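# Coordinates in review
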Amino acid sequence: MANLKEIRNRITSVSSTMQITSAMKMVSAAKLKKAQDAITAMRPYAEKLTELLQNLSATLEGDAGGEFTTQREIKKVLVVAITSNRGLCGAFNSNVIKEAKKRSEFYTGVQVDIFAIGKKGNDVLAKTNSVVDNQSAVFEDLTFDNVAAIADTLTQKFVTGEYDKIELIYNQFKNAATQIVQVEQFLPLAPLKSDLTVSPGDYIFEPSKEEIVLTLIPKSLKMQLYKGIRDSFASEHGARMTAMHKATDNATELRDQLKLTYNKARQASITNEILEIVGGAEALNG
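Residues numbered from 1 in each chain as written. Predicted model: local features only at pLDDT ≥ 70, side-chain atom pairs only at ≥ 80, totals over all residues. Heavy atoms only, no water.

As paired elements, strand β2 (residues 111-117) and strand β3 (residues 130-134) share four bridges and run parallel to each other. Looking across to β3, one finds that Ile114 is bridged to Val131. Handedness of the β-α-β unit built from β2, helix α3 (residues 119-125) and β3 comes out right-handed. (Pairing = 2+ DSSP bridges. Helix = DSSP H or I, 4+ residues; strand = E, 2+ residues; numbered from the N terminus. Right-handed = clockwise from strand over helix to strand, strands pointing away.)

Here it is in structure tokens:
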């Protein structure tokens, strides 16, 4: 059995760790509330924008999406892996990294590059895959304008023919304890369909419907990327809050076990001292 000093040191160490994890849990909980409100507020807008684009496209003939819907032979694929800049959030980052590696293996005979958004994903994927860019700084000032600049870069890579397909991989926020890994096609745009019937005479379009669709598509792409990053940001804080909650519970349990072990060791030590005193007294009397 370990001596009393070693057990006391372990109790002190575990207690310090427990205080740190508890503080991190509270910080993540505060940040989660703000991030959750942001993604919840923007989802209706993103869904309505997509619905509007689908309704307009459903009334057009031919290729309404222009260069954004061009289907080419897939020779080069760009996978946008959205992770976080910090760890201590359970399997949040590793799930996206695993999915990114799976996508790289899925396209056999095709060059697959990684566009990293988040330091953790960049650090791991750079060891095994070709990472062409890392935009981890976006989390320092997460605004629509900053994300729109990244979306413009990705769009340009597709329009110029540098890549034939671009995919997004991120954690979709469901609740604080659940994050779902999503793989979405960013470009080219999938054929736009609508279940709603729109009569040609219902609206007067100015400018033409074709021009409106081509104006909405870039906005929709920017919103899709922004929603993905916002989802990932909220998921990160939810995953970290859950991980730190479990870590605090485990540290509390370990501290209690160490205290019990310490009390048993201390009791055994006192008993041994009493026995030695009694033995010494009997020896003197004998």
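A separate point is the packing of aromatic side chains. Within this structure, the stated rule accounts for three aromatic pairs. Ring centres of Phe139 and Phe233 lie 6.2 Å apart, and the angle between their planes is 15°; this geometry places the pair in the stacked category. Of the two residues, Phe139 is situated in the loop between β3 and α4 (144-159) and Phe233 in helix α5 (residues 209-285); the sequence distance between them amounts to 94 residues. Seen from the ring of Tyr163, Lys76 lies directly overhead, with NZ or CZ sitting 4.9 Å from the centre. Over the aromatic face of Phe106 sits the side chain of Arg103, whose NZ or CZ is 4.6 Å from the ring centroid. (Phe/Tyr/Trp six-rings, centres within 6.5 Å; stacked < 30°, edge-to-face > 60°. Lys NZ or Arg CZ within 6 Å of the ring centre and 35° of its normal.)

Okay, the sheet that holds strand β5 (residues 178-187) next. Strand order across the open sheet formed by five strands is β3-β2-β1-β4-β5, with mixed pairing between neighbours. For this open sheet the edge positions go to β3 and β5, each flanked by a neighbour on one side alone. For this sheet the average axis-to-axis angle between neighbouring strands, irrespective of direction, equals 25°. Of the pairings in the sheet, the one linking strand β1 (residues 76-82) to β2 comprises seven bridges and is parallel in character. When the sheet's bridge partners are listed, Lys76 is paired in β2 with Gln111. With respect to the sheet, helix α2 (residues 92-106) is in contact with β1, β2, β4 (165-175) and β5, its orientation differing from that of β4 by roughly 150°. (Axes fitted to C-alpha atoms, helices over the stretch in contact; angles between N-to-C directions. Contact = heavy atoms within 4.5 Å.)

Let us now look at the nonpolar core. Across soluble globular proteins, nonpolar side chains show a tendency to be buried alongside one another. The biggest cluster of nonpolar side chains holds 41 residues, and the ones touching the most others in it are Ile117, Leu154, Ile166 and Leu225. Every element with two or more residues in this core is listed here: α1 (4-58), β1, β2, α4, β4, β5 and α5. At eleven residues, the largest contribution of residues to this core is made by α5. Not counting residues within four places of it along the chain, the set of residues in contact with Ile166 comprises Leu78, Val80, Leu154, Phe158, Glu184, Gln185, Phe186 and Leu187. (Core = buried A, V, L, I, M, F, W, Y, C linked by side-chain atoms within 4.5 Å. Buried < 20%, exposed > 50% of the residue type's maximum accessible area, 1.4 Å probe, protein only.)

One can find Arg240 in helix α5. Those residues in contact with Arg240 that lie beyond four places of it in its chain are Met24, Ser28, Arg86, Gly87, Leu88 and Cys89.

Let's shift gears to the layout of surface pockets. By volume, the second largest pocket is sized at about 210 Å³. The wall of the second largest pocket is formed by Met24, Val27, Ser28, Lys31, Asn85, Arg86, Phe139, Phe233, Glu236, His237 and Arg240. Counting only elements with at least two residues in the lining of the second largest pocket, the list comes to α1 and α5. Among the residues forming the lining of the second largest pocket, the class breakdown is four nonpolar, three polar and four charged. (1 Å grid on protein atoms, 1.4 Å probe; cavity = no way out; pocket = protein on both sides within 12 Å on 5 of 7 lines; lining within 4 Å. Points joined across faces, edges and corners; volume = space filled by probe spheres on them. Nonpolar A, V, L, I, M, F, W, Y, C, P; charged D, E, K, R; others polar.)

Counted under the stated rule, the structure contains eleven salt bridges. Taking the shortest distance from any N to any O, the salt bridge between Glu167 and Arg103 comes out at 2.9 Å. With Glu167 in strand β4 and Arg103 in helix α2, this residue pair connects regions lying 64 residues apart in the sequence. By relative accessible area, Glu167 is classed as buried at 3%. (Salt bridge = Lys/Arg side-chain N within 4 Å of Asp/Glu carboxyl O.)

To continue, consider the pairing of β2. The buried fraction of β2 amounts to six of the seven residues, a majority that puts the element mostly inside the structure. Handedness of the β-α-β unit built from β1, α2 and β2 comes out right-handed.

Function-wise, these values are silent; they only describe arrangement.
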